[in-house]
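Chain by chain, the residues:
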Amino acid sequence: MGAVWAARDFCLFLLLLNSRQSIALPETRDVDECMFNNGGCQHTCVNTVGSYECRCKEGFFLSDNQHMCIHRSIEGLNCMNKEHGCAHICKESYRGGVACECRPGFELARNQRDCI
């Protein structure tokens, strides 16, 4: 008899759930994350529904942390042109130029490019 009552209760639960689905949910307002501290963006914060994104001024590109902007070097070394000389990892500095890093288990050599 217990299984019959459980089935009946489950059917009543489904009926109740189905009748509640037609109730409209209250409208939620988007929070403008750019209003406070420019969203943490160094240059420009663009609000989107439910989120935001950072953008950089011309001549800069967005860093890995998606908030800081790095000067795009036209002359000299940069990680994009693959002439940086880093053995493992190339990181662009915020002032332009590059800094090399090594994968775990290695350390940067005296020449600041090779990993040993």
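Structure: see above.
All of these numbers come straight from a predicted model, not from anything done at the bench.

Before going further, it helps to examine unusual backbone geometry. Of note, the phi angle at Asn37 is positive, near 55°, even though the residue is not glycine. Inspection of the secondary structure puts Asn37 in the loop between helix H1 (2–20) and strand E1 (44–48). If you check the backbone angles, Asn38 has positive phi at about 55° while not being a glycine. With respect to the secondary-structure elements, Asn38 resides in the loop between H1 and E1.

Moving on, we come to the nonpolar core. Listed in full, the five residues of the largest apolar core are Cys79, Cys86, Cys90, Val98 and Cys100. Setting aside its immediate chain neighbours within four residues, Cys90 contacts Cys79, His84, Val98 and Ala99.

Bridging between E1 and strand E2 (residues 51–55) involves five bridges; their strand directions are antiparallel. Within the sheet, the bridge partner assigned to Thr44 lies in E2 and is Arg55. Between E1 and E2, which pair antiparallel in sequence order, lie two residues; one of them, Gly50, sits at a positive phi of approximately 80°.

In this structure, His43 sits in the loop between H1 and E1. Relative accessible area serves as the criterion here: at 18%, His43 is assigned to the buried category. Here Lys57 takes part through its backbone nitrogen, which lies 3.0 Å from a polar atom of the side chain of His43. When near neighbours in sequence (up to four residues on either side) are disregarded, His43 contacts Asn38, Arg55, Cys56, Lys57, Phe60 and Cys69.

Cut-offs used in this document
- Residues numbered from 1 in each chain as written.
- Predicted model: local features only at pLDDT ≥ 70, side-chain atom pairs only at ≥ 80, totals over all residues.
- Heavy atoms only, no water.
- Helix = DSSP H or I, 4+ residues; strand = E, 2+ residues; numbered from the N terminus.
- Core = buried A, V, L, I, M, F, W, Y, C linked by side-chain atoms within 4.5 Å.
- Buried < 20%, exposed > 50% of the residue type's maximum accessible area, 1.4 Å probe, protein only.
- Contact = heavy atoms within 4.5 Å.
- Pairing = 2+ DSSP bridges.
- Polar contact = N/O pair within 3.5 Å; in protein donor to acceptor, adjacent residues only side chain to side chain.

Function cannot be read off these values alone, since they describe shape.
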